[in-house]
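Working through the structure, step by step
Each chain, written out:
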Amino acid sequence: MRGLATGLVLAAAMALPAQADDDIRKRAAEGSVAEVTGRLVAAVEGAGATVFARVDHAGGARTAGAELRPMELLIFGNPKIGTPAIQAEPMAGLVLPLRVLVYEDERGKVWLAWQDPGEMLDEVGGDDDAAYVAPIAGALDKLTAAAATGG
């Protein structure tokens, strides 16, 4: 059943619309994918937010007899900063809670990647200049910075 659930998550992720490169924010990180994701979990929980899921894409691929470089997706949120966006535009519930991908590139470098919150919310009819965008962007910046170096 676990393999099926992972497969469904992978299929859902592949069904999302392709994002333009300038919509994606990236931050280089020190350590392995598992270490960086662990630091991100600690930062999220330390900030009072909730981790909803930690998806091991490479592990899921192995269950299907395929290979991926190390890659994990963390899904998390904080109703204090996400709820205003959903109140303003219910379709924001399609892109929230937040997601950060931690992955190893072809050169072995580890990265954190996430979609720009203004662009993400704009795609579902939200106002990318609304007051609720800055706290979401600030949280993502702070959390990914802490995970990148452990500080």
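Because the structure is a prediction, the values reported are computed rather than measured.

To continue, consider the sheet that holds strand β5 (residues 110-115). Taken in spatial order, the 5 strands line up as β1-β5-β4-β3-β2 in an open sheet, and their pairing is antiparallel. The open sheet has two edge strands with one neighbour each: β1 (24-29) and β2 (50-56). Each adjacent strand pair in this sheet contributes to an overall mean axis angle of 20°, direction not counted. The pairing of strand β4 (residues 98-104) with β5 spans 4 bridges and is antiparallel. Within β5, the residue paired with Val102 across the bridge is Leu112.

This next bit is on the nonpolar core. Counting 32 residues, the largest nonpolar core has Leu40, Phe76, Leu96, Val100, Val102, Leu112 and Leu121 as the members making the most contacts within it. Residue assignment for this core shows that the elements contributing at least two residues are α2 (33-46), β3 (71-77), β4, β5, α5 (117-122) and α6 (133-149). Ranked by residue count, the leading element in this core is α6, at 7 residues. Discounting chain neighbours no more than four positions away, the residues touching Val102 are Val33, Val36, Thr37, Leu40, Pro70, Met71, Glu72, Val110, Trp111 and Leu112.

Let us now look at α2. Taking 1.5 Å of rise per residue, the 14 residues of α2 would be expected to cover 20 Å, and the 20 Å separating its terminal C-alpha atoms lies within 8% of that figure. For α2, every residue scored as buried is listed here: Val33, Val36, Thr37, Leu40, Val41, Ala43 and Val44. Looking down the long axis of α2, one finds its buried residues gathered within 165° of arc, a one-sided arrangement. Looking at the buried positions of α2, the neighbouring elements they touch are β1, β2, β3, β4, β5 and α6. Backbone geometry just after α2 places Gly48 at a positive phi near 85°.

With 17 residues, α6 should cover 24 Å at 1.5 Å per step; its first-to-last C-alpha distance of 25 Å lies within 8% of that length. Of the positions making up α6, those classed as buried are Val133, Ile136, Ala139, Leu140, Leu143, Thr144, Ala146, Ala147 and Ala148. Positive phi appears at Gly150, one or two residues downstream of α6, with a value of about 85°.

The omega angle of the peptide bond from Leu96 to Pro97 is 10°, so this bond is cis rather than trans. Along the polypeptide, Pro97 turns up in the loop between α4 (79-88) and β4.

Taking burial as the measure, the 6 residues of β5 include 5 buried ones, the bulk of the element. As paired strands, β1 and β5 are joined by 6 bridges and run antiparallel to one another. Bridging across to β5, Ala28 finds its partner in Trp111. A loop of 5 residues connects β4 with β5, the two strands running antiparallel in sequence, and Gly108 in this loop sits at a positive phi of about 90°.

Moving on, we come to the pattern of salt bridges. This model, assessed by the stated rule, comprises 7 salt bridges. Arg27 is paired through a salt bridge with Asp141; the nearest N and O atoms lie 2.4 Å apart. Residue Arg27 is found in strand β1, and its partner Asp141 is found in helix α6; the two are separated by 114 residues along the sequence. A relative accessible area of 22% places Arg27 in the partly exposed class. For Asp141, a relative accessible area of 41% translates into the label partly exposed. Two residues, Asp56 and Arg62, come together in a salt bridge whose shortest N-O distance is 3.9 Å. Asp56 sits in the partly exposed class, given a relative accessible area of 32%.

Rules used throughout
- Residues numbered from 1 in each chain as written.
- Predicted model: local features only at pLDDT ≥ 70, side-chain atom pairs only at ≥ 80, totals over all residues.
- Heavy atoms only, no water.
- Pairing = 2+ DSSP bridges.
- Helix = DSSP H or I, 4+ residues; strand = E, 2+ residues; numbered from the N terminus.
- Axes fitted to C-alpha atoms, helices over the stretch in contact; angles between N-to-C directions.
- Core = buried A, V, L, I, M, F, W, Y, C linked by side-chain atoms within 4.5 Å.
- Buried < 20%, exposed > 50% of the residue type's maximum accessible area, 1.4 Å probe, protein only.
- Contact = heavy atoms within 4.5 Å.
- Expected span 1.5 Å × (residues − 1).
- Arc of directions from axis to C-beta.
- Salt bridge = Lys/Arg side-chain N within 4 Å of Asp/Glu carboxyl O.

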